[in-house]
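# Working through the structure, step by step
The primary structure of each chain is shown beneath.
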Amino acid sequence: MDLQNVGVIGAGVMGSGLAQNLAQTRHRVILVDVSEKILDQAEQEIRKSLRFQGLFKKSQPAEDPEEVLSRVKLTTDYEDLKSADFVIENVTEKWAIKRAVYAELDRICPEQCIFAANTSAISITRIGSLTGRAAQIIGMHFMNPAPMKTMVEVIRGYHTSEHTLATAKALLAQMGKEGIVVNDSPGFVSNRILMLTINEAIFVVQDQVASAEEVDRIFKTCFEHKMGPLETADLIGLDTILFSIEVLYESFNDSKYRPCPLLKKMVDAGLWGRKSGQGFYNY
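Residues numbered from 1 in each chain as written. Predicted model: local features only at pLDDT ≥ 70, side-chain atom pairs only at ≥ 80, totals over all residues. Heavy atoms only, no water.

Pairing in this open sheet of eight strands is mixed, and the strands run 3-2-1-4-5-6-7-8 from one edge to the other. Looking at which strands have only one partner, the edges of the open sheet turn out to be strand 3 (72-75) and strand 8 (178-183). Taken over all neighbouring pairs, the strand axes of this sheet differ in orientation by 25 degrees on average, direction set aside. Note: strand 6 (residues 137-141) against strand 7 (residues 151-156), four bridges, orientation antiparallel. Of the residues in strand 7, the one forming a bridge with Ile-138 is Arg-156. Its contacts with the sheet put helix 1 (residues 13-24) on strand 1 (5-9), strand 2 (28-32), strand 3 and strand 4 (86-89), and the angle it makes with strand 2 is roughly 165 degrees. (Pairing = 2+ DSSP bridges. Helix = DSSP H or I, 4+ residues; strand = E, 2+ residues; numbered from the N terminus. Axes fitted to C-alpha atoms, helices over the stretch in contact; angles between N-to-C directions. Contact = heavy atoms within 4.5 Å.)

Okay, structure coming up:
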């Protein structure tokens, strides 16, 4: 399957990581965001990430950042997606924003273009209903940091075709990744379980049962997890955690998904984790 031109919507931490990964695997990338400032930051993040990769992978030849970036087109114009074979959408977990984005993608992208929603909680079937190509909509839940993580949660919507699934798997293989295919349900597997764990860990801190450091140390030393739930929350972004848990609460109408008040307070205070410089830890 000839997937040369790949659109990436959203140039935040995940979007810039995916753009880097795709460019390093010789794809031509169209990285779209609403702000030139965000795109400039994404370019700097890719440069920095490539330098770090050179330090950690000394057995492999270092890649020239300029050569990698030459395969990434940074743009605020959705019209640049007219040549896209495949689009990965990474915008914030707000339905109104996603609805507007998919209307633009459906209007501009070629008829055969496949859309992958890199969402952590929103139903892929519901996203498919926003377009005239529901069979070509699939979920691809990448993990951070995208260039380093080799496994992806792939979500089949109600109308997702076998061709779409095979094409998504082919793109992942080209990126050096594998996919685990699951069926569509809010939160899928990973976040339906992870968000409950993180939310409950925040309740533990709020109720003064233990500090953030103590919670994470228990998970790392007792269960041998590489990161504790609150370190993971800071990495993902507390704003994203709140959006995701709210989607689960709304979707299932189950009180077990109610967001912890401390999580809401921290998001309101701008304490979003690594992306803002402070969350449960200082960065």
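Now for empty space enclosed by the protein. In this structure the tally under the stated criterion is one cavity of 30 Å³ or more. Of the volumes computed, that of the largest cavity is approximately 40 Å³. Considering every element that reaches the lining of the largest cavity, the biggest residue donor is helix 5 (residues 124-128), with three residues. Here the residues of the lining of the largest cavity sort into four nonpolar, five polar and no charged. (1 Å grid on protein atoms, 1.4 Å probe; cavity = no way out; pocket = protein on both sides within 12 Å on 5 of 7 lines; lining within 4 Å. Points joined across faces, edges and corners; volume = space filled by probe spheres on them. Nonpolar A, V, L, I, M, F, W, Y, C, P; charged D, E, K, R; others polar.)

Turning to its location among the elements, Ser-276 is positioned in the segment after helix 11 (261-268). You can call Ser-276 partly exposed: its relative accessible area is 38%. As for Ser-276 and Asp-234, which are separated by 42 residues in sequence, their C-alpha atoms are 9.4 Å apart. In contact with Ser-276, other than residues within four places in its own chain, are Gly-270 and Leu-271. (Buried < 20%, exposed > 50% of the residue type's maximum accessible area, 1.4 Å probe, protein only.)

In terms of residue burial, strand 6 counts as a mostly covered element, since five of its five residues are buried. Of the two faces of strand 6, the one carrying Ile-137, Gly-139 and His-141 and the one carrying Ile-138 and Met-140 are both buried. Bridging between strand 5 (residues 114-117) and strand 6 involves three bridges; their strand directions are parallel. Note that in strand 6 the partner of Ala-117 across the bridge is Gly-139.

Moving on: the pairing of strand 7. In the sheet, strand 7 pairs with strand 8 via six bridges, with the strands oriented parallel. When the bridges of strand 8 are listed, Val-154 appears paired with Val-181. Note on the crossover from strand 7 through helix 6 (residues 162-174) to strand 8: the handedness is right-handed. (Right-handed = clockwise from strand over helix to strand, strands pointing away.)

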